[in-house]
Amino acid sequence: MTLTISAVLLFGAVSFFAVKTKSTGAGAAVLLFLFGFFTAGTGAYGPIHDLVASFARFLSQLGN
C-alpha cells in the first residue's frame, strides 16, 4: 500500500508545529509555507505567485 501526502499539507504541518513549539518565528514559518505551495504546484500556485511577485515589485520600488 502506498501512502501519498501532499507537499502543501506536509509543509503546512511542519510550519504549524514549528510555530506552536516556538522553535522558529512566524517569518520562517511563512517561508516554509510558501515553499510548500511553490513546490507542490497546486491550484493555489497562481494567486500566491502573483502575490509574491507583487510584493517583490513593491520592495524594488521602495529603493527608487
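Preceding this section is the structure that the text describes.
Fair warning: this is a prediction, and the values are worked out from it, not measured in the lab.

Below, the discussion takes up the overall build of the protein chain. On a plain count of helices and strands, the protein chain comes out with three helices and zero strands. Secondary structure elements of the protein chain occur, N-terminal to C-terminal, as α-α-α. The buried share of the protein chain, taken over its 64 residues, is 11%. When the accessible surface of the protein chain is split by element, carbon and sulfur atoms take 72% of a total near 5,000 Å².

Turning to a nonpolar patch on the surface, a few remarks are in order. On the surface, a cluster of nonpolar side chains totalling about 440 Å² of accessible area is made up of Phe-55, Phe-58, Leu-59 and Leu-62. As for its position among the elements, Phe-55 is in helix H3 (residues 45-62).

Inspection of the secondary structure assignment puts Val-30 in helix H2 (residues 26-40). The class for Val-30 is partly exposed, based on a relative accessible area of 47%.

What follows covers the environment of Phe-35. For Phe-35, the location among the structural elements is in helix H2. Taking the relative accessible area as the measure of exposure, Phe-35 reaches 46% and is therefore partly exposed. Along the chain, Phe-35 and Gly-12 lie 23 residues apart, while their C-alpha atoms are 9.8 Å from each other.

Conventions we followed
- Residues numbered from 1 in each chain as written.
- Predicted model: local features only at pLDDT ≥ 70, side-chain atom pairs only at ≥ 80, totals over all residues.
- Heavy atoms only, no water.
- Helix = DSSP H or I, 4+ residues; strand = E, 2+ residues; numbered from the N terminus.
- Buried < 20%, exposed > 50% of the residue type's maximum accessible area, 1.4 Å probe, protein only.
- Areas by Shrake-Rupley, 256 points an atom, 1.4 Å probe, with all protein chains shown as cover.
- Patch = residues over 30% accessible without salt bridge, like charges linked within 9 Å, V, L, I, M, F, W, Y side chains within 5 Å.
- Salt bridge = Lys/Arg side-chain N within 4 Å of Asp/Glu carboxyl O.

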